Amino acid sequence: MRTAYFTTSEDDLRKAGAIIAAGGLVAFPTETVYGLGADALSPSAAKDTYAAKGRPSDNPLIVHISAFDQIETLAEEVPDAAKLLADAFWPGPLTMVLRKKPIVPDETTGGLPTVAVRLPDSDAARRLIDLAGTPVSGPSANLSGHPSPTSWQHCRHDLDGRIDGIIMGEPCRGGIESTVLDLTGEKPQILRPGLITPEMVTEATGLPCGYDPAILGRPDPALRPKAPGMKYRHYAPKAEMILYSGPADRVRSVIGKEAEKQRALGKNVAVLLYGEEETALLAREFFARLREADDQNVDLILAAALPAGDELAFSVMNRMLKAAGYRIVEV
Ligand code: TXA
Ligand code: MG
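*Asks:* Looking at this model, I keep getting lost on the overall build of the chain. Mind explaining?
*Replies:* Within the chain, the secondary structure is distributed over 11 helices and 15 strands. Against the globule reference of 20 Å for 331 residues, the chain gives a C-alpha radius of gyration of 20 Å, in line with a compact fold. When its C-alpha atoms are laid out on the principal axes, the chain stretches across 60 × 50 × 35 Å. Out of the 331 residues in the chain, the part that is buried amounts to 54%. Within the chain, contacts between residues separated by at least 24 positions form 70% of all contacts whose residues are at least 6 apart in sequence. On the chain, roughly 14,100 Å² of surface is accessible, and the fraction owed to carbon and sulfur atoms is 51%. One way to put it: in the chain the 36 positive side-chain charges average out to a point 5 Å from where the 44 negative ones average out.

*Asks:* Hey, could you run me through the site of ligand 1 in this one?
*Replies:* Neighbouring ligand 1 are 29 residues; Thr32, Asn59, His64, Ser178 and Gly229 lie closest to it. Threonine 114 is positioned with one of its side-chain polar atoms (N or O) 3.0 Å from a nitrogen atom of ligand 1. Its free accessible area being 680 Å², ligand 1 has 97% of it covered by the protein chains. Contributions of two or more residues to the shell around ligand 1 are made by β4 (62–64), β6 (114–118) and β10 (189–192).

*Asks:* Where do I start with the side chain of threonine 3 in this structure?
*Replies:* With respect to the element layout, threonine 3 can be found in the segment before β1 (4–6). In this structure the side chain of threonine 3 is engaged in a polar contact, spanning 2.7 Å, whose partner is the backbone nitrogen of glycine 161. Here isoleucine 163 takes part through its backbone oxygen, which lies 2.8 Å from a polar atom of the side chain of threonine 3. Ignoring any residue separated from it by four or fewer positions in sequence, one finds threonine 3 in contact with Leu159, Asp160, Gly161, Arg162, Ile163, Asp164, Gly165 and Ile166.

*Asks:* I would appreciate a short explanation of the sheet that holds strand β8 (residues 165–167) in the present structure.
*Replies:* Strand pairing in a sheet takes place through backbone hydrogen bonds and is either antiparallel or parallel in direction. Read across the open sheet, the 11 strands follow the order β1-β8-β2-β3-β7-β4-β6-β5-β9-β10-β11; overall the sheet is mixed. The open sheet has two edge strands, β1 and β11 (210–211), and neither has a second partner. Inspection of the sheet shows strand β2 (residues 26–28) paired to β8 by 2 bridges, in the parallel sense. Note that in β8 the partner of alanine 27 across the bridge is isoleucine 166.

*Asks:* Honestly, the environment of leucine 282 in this entry has me stumped. Any pointers?
*Replies:* Locating leucine 282 in the fold gives a position in helix α10 (residues 279–295). The spacing of leucine 282 and alanine 305 is 23 residues in sequence and 11 Å in space, taken between C-alpha atoms. When neighbours within four sequence positions are excluded, leucine 282 is seen to be in contact with Tyr274, Leu306, Val316 and Met320.

*Asks:* Is there a simple way to explain the pairing of strand β12 (residues 240–245) in this structure?
*Replies:* A regular strand carries its side chains on alternate faces of the sheet. Burial within β12 is extensive, with 5 of its 6 residues counted as buried. Looking at chain direction, β12 and strand β14 (residues 300–304) are connected through 5 bridges and run parallel. Bridge pairing links tyrosine 244 to alanine 304 in β14.

*Asks:* I keep staring at the pairing of strand β9 (residues 179–182) and nothing clicks. Help me out?
*Replies:* Residues Thr179 and Leu181 point to one face of β9 and Val180 and Asp182 to the other, with burial holding for every one of them. Relative to β9, strand β5 (residues 94–99) runs parallel, the two sharing 4 bridges. If you follow leucine 94 over to β9, its bridge partner there is threonine 179. Relative to β10, β9 runs antiparallel, the two sharing 3 bridges. Across the sheet, aspartate 182 pairs through a bridge with glutamine 189, a residue of β10.

Criteria and thresholds
Residues numbered from 1 in each chain as written. Chains lettered and ligands numbered in written order. Predicted model: local features only at pLDDT ≥ 70, side-chain atom pairs only at ≥ 80, totals over all residues. Heavy atoms only, no water. Helix = DSSP H or I, 4+ residues; strand = E, 2+ residues; numbered from the N terminus. Rg over C-alpha atoms; globule rule 2.2 N^0.38 Å. Buried < 20%, exposed > 50% of the residue type's maximum accessible area, 1.4 Å probe, protein only. Contact = heavy atoms within 4.5 Å. Areas by Shrake-Rupley, 256 points an atom, 1.4 Å probe, with all protein chains shown as cover. Lys, Arg positive; Asp, Glu negative; His and termini not counted. Charge placed at Lys NZ, Arg CZ, Asp CG, Glu CD. Near = heavy atom within 4 Å. Polar contact = N/O pair within 3.5 Å; in protein donor to acceptor, adjacent residues only side chain to side chain. Pairing = 2+ DSSP bridges.

This is the structure we're talking about:
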């Protein structure tokens, strides 16, 4: 298959929207990561999405909408909390899990009775959804197991020749995927940590909000995450990665010495040293740095862990721990 490349001009978005309306696959920009867009109401488009990504089909897709009202067509009921959260954070990096209407096919939701809905903060994304005339499913537009794509070039690297089109939009501002928030239980629960934190949810809704216990530590077969995607070993670079945790000065010096030692042994070493005040920057750059390391055939990535306690740092550390296979050294 030849992949077509589109700009974010109205003309090009119209062509891309027509491809999605006809059942095709087009990668599109959002503020978090690039998504692999398809008609969310089409079972065959969902199957093609899993095939293009090489992704297990029990991992449900996020459905993107362009205006809040469209949530009514997808969700059986829209709790007050969802309205409050939409007022506070949409368009933005928050995905809400709600009970689905029958119109949303099981292929899209991985057989779950719920649907994950997001209104992205990207003009091009929302215009594309409008022009497609249907809600647009969008898993991250990477090959399964690769780091999420934060630029159209990352999408080209993974999916050129496997999908119908790629929209050459801006690099992503957020850099880690949206917070996935379950609103089907007694109180809101975060199934995947992201830029919207439990405090922010509580502030908007007045409801207590915590994390799904299954995402707090290492993947544990006894604890099944409620977001099926969280059980997979995501974001893995080809290189081995080790995290160092402790006082910033010590971490810096230990990493420096270890890098020197490993380079003397002939290893190609990359270092990721971002301070606590650079958490948002690390979020934006992390996946791109992993991809760079792969391109440069890095053998070993030494990275400073982010301090516990900060909620955004927790979300970034969730990705770093997965990439490092949970190897963390206390110094
Ligand atoms: O920022 C994002 O969310 C990006 C952009 C493109 O919007 N999308 C994204 O999609 O990261 P994906 O498919 O890579 O991750 C979706 C996550 C998975 O962990 C999946 O298991 C979970 O959301 N999820 C989707 N639908 C769900 C549902 N009905 N119940 C529980 N978890 C769900
Ligand atoms: Mg993904």
